[in-house]
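# Coordinates in review
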Amino acid sequence: MKRRDFIKSTSLTGMSLAVGSTLIGCESNASKEASQTNESVGALENAFPVVVATWNVKEATAKAWEVLQAGGKALDAVEQGCMVEEANEKGQSVGKGGLPDRDGHVTLDACIMNENGDCGSVVYLENITHAVSVARMVMEETPHVMLAGKGAERFAYEQGFQKEDLLTESSKKAWEDWKVKSEYKPIINIENHDTIGMLAIDKNGDISGACTTSGLAYKMSGRVGDSPIIGSGLFVDNEVGACVATGLGEEVVKTVGSFLVVELMRQGKTPQEACEEAIRRIVSKPNSNYKNFQVGYIALNKKGETGFHSIHKGFTMTKFQNGENEQIESTHYV
């Protein structure tokens, strides 16, 4: 089951000179307004395409940019961009080579959302490298939004995905070293550096986003964070903009963070202002333990303007726009 989907000319004769002058004046004003509108549209077109992503992932944004420059859709760009990191075994944070849960199992979460508001998600997925692509298949080939665990894995095989062992020797050794003390204490900007979230606007001005992760290292078996949850880890509204989150997912879920950022933009805030307010919502919660965890947001509005903000120093955004692929240090609350 697939999901998809005044100019009026008049002829005036027999009019007086005065009426003719009035019409000429109106015509002049209309031409001026049209010219201003065209200039505005042109300015927006110059801002497109644009790709932003969490953390330092220049190869991923370069791949997405390549898709967009070729005239591809934002949806294809974010999927292919995220796939670069999913295949990066050395990253130990996304896809193959991701750090396992405390039982030694690598489990993946991912979601994707297009310009029409359609979305797909997988949670607790094992043995499949490209979780973001499975999420897209859920969106396009099923009547559902989210598939979990063995059901998601079985669906992936039915769609032609190949079974792989995601636990690399490097990640296995890290897990065995961790088991010596078995202390679970996420480290700011290290164990929380567990996600790639990507947003893009294509040449048509349409926005899509994706998010994929192996979750927090050494988590409890079955734990799912914000990344695959539409509205928390990712939200896209093609009329307004989009947002993606990274960091300690439990804290993002509590404020439905990405949806909040987009709604703040709808109310007139810039992407930067919206991200800053969303972080304030987290740190201002009663008894918030924010000094001991990290959350970061990146946002993109319909004009191609971007913003990003985090609780602590150390969060970065990779941005590809106007032919320049750069990593930028985030502003931060603490």
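A brief report on the enclosed structure follows.

About the criteria used
Residues numbered from 1 in each chain as written. Predicted model: local features only at pLDDT ≥ 70, side-chain atom pairs only at ≥ 80, totals over all residues. Heavy atoms only, no water. Helix = DSSP H or I, 4+ residues; strand = E, 2+ residues; numbered from the N terminus. Buried < 20%, exposed > 50% of the residue type's maximum accessible area, 1.4 Å probe, protein only. Areas by Shrake-Rupley, 256 points an atom, 1.4 Å probe, with all protein chains shown as cover. Salt bridge = Lys/Arg side-chain N within 4 Å of Asp/Glu carboxyl O. Core = buried A, V, L, I, M, F, W, Y, C linked by side-chain atoms within 4.5 Å. Axes fitted to C-alpha atoms, helices over the stretch in contact; angles between N-to-C directions. Contact = heavy atoms within 4.5 Å. Nonpolar A, V, L, I, M, F, W, Y, C, P; charged D, E, K, R; others polar. Pairing = 2+ DSSP bridges. Phe/Tyr/Trp six-rings, centres within 6.5 Å; stacked < 30°, edge-to-face > 60°.

### Here's the deal with the overall build of the protein chain
On a plain count of helices and strands, the protein chain comes out with nine helices and 13 strands. Burial statistics for the protein chain: of 334 residues in total, 52% are counted as buried. Accessible surface, the protein chain: about 15700 Å² in total, of which carbon and sulfur atoms supply 50%.

### Some remarks on the pattern of salt bridges
Scanning all chains against the criterion turns up 16 salt bridges. Lys96 is paired through a salt bridge with Glu164; the nearest N and O atoms lie 3.3 Å apart. One end of the pair, Lys96, is in the loop between helix 3 (74-86) and strand 2 (108-113); the other, Glu164, is in the loop between helix 5 (149-158) and helix 6 (169-179), and 68 residues separate them in sequence. A salt bridge links Glu251 to Lys254, with the shortest nitrogen-to-oxygen separation between them at 3.1 Å. With Glu251 and Lys254 both in helix 7 (residues 249-254), this residue pair falls three residues apart, about one helical turn.

### Quick notes on the nonpolar core
Counting 45 residues, the largest nonpolar core has Leu199, Val261, Val295, Tyr297, Ile298 and Ile311 as the members making the most contacts within it. Examining the composition of this core, we find that six residues originate from one element, helix 9 (residues 271-283), more than from any other. Core analysis: the next-biggest nonpolar cluster, separate from the first, contains 39 residues, Ala64, Ala110, Val134 and Met198 among them.

### Some remarks on the packing of helix 3 against helix 4 (residues 131-141)
Between helix 3 and helix 4, the shortest axis-to-axis distance is 8 Å and the interhelical angle comes to 150 degrees. Within the contact between the two elements, helix 3 uses Leu75, Asp76, Glu79, Cys82, Met83 and Glu86 and helix 4 uses Ala131, Val132, Ser133, Arg136, Met139 and Glu140. Split by residue class, the contact of helix 3 with helix 4 holds six nonpolar, one polar and five charged.

### Concerning the sheet that holds strand 10 (residues 306-310)
With respect to topology, five strands assemble into an open sheet ordered 7-8-9-10-13, the strand pairing being mixed. Each edge of the open sheet is held by one strand with a lone partner, namely strand 7 (234-237) and strand 13 (331-332). With two bridges connecting them, strand 10 and strand 13 associate as parallel partners. Counted as the bridge partner of His309 is Thr331 from strand 13. Across the face of the sheet, helix 8 (residues 257-266) comes into contact with strand 7, strand 8 (241-247) and strand 9 (295-301) while running at roughly 145 degrees to strand 8. Along the sheet face, helix 9 touches strand 9, strand 10 and strand 13 and points at about 20 degrees away from the line of strand 10.

### Structural notes on the packing of aromatic side chains
Under the criterion given, the structure shown has five aromatic pairs. Ring centres of Trp65 and Phe320 lie 4.4 Å apart, and the angle between their planes is 5 degrees; on these two criteria the pair is classed as stacked. In this pair, Trp65 is assigned in helix 2 (residues 58-69) and Phe320 in strand 11 (residues 316-321), connecting sequence segments 255 residues apart. Per residue, the accessibility class of Trp65 equals that of Phe320, and both read buried. Here the aromatic rings of Phe235 and Phe259 are separated by 5.0 Å at their centres, their planes lie at 80 degrees, and the arrangement is edge-to-face. Of the two residues, Phe235 sits in strand 7 while Phe259 sits in helix 8, which places them 24 residues apart along the sequence. On the basis of relative accessibility, which here comes to 16%, the residue Phe235 falls in the buried class.

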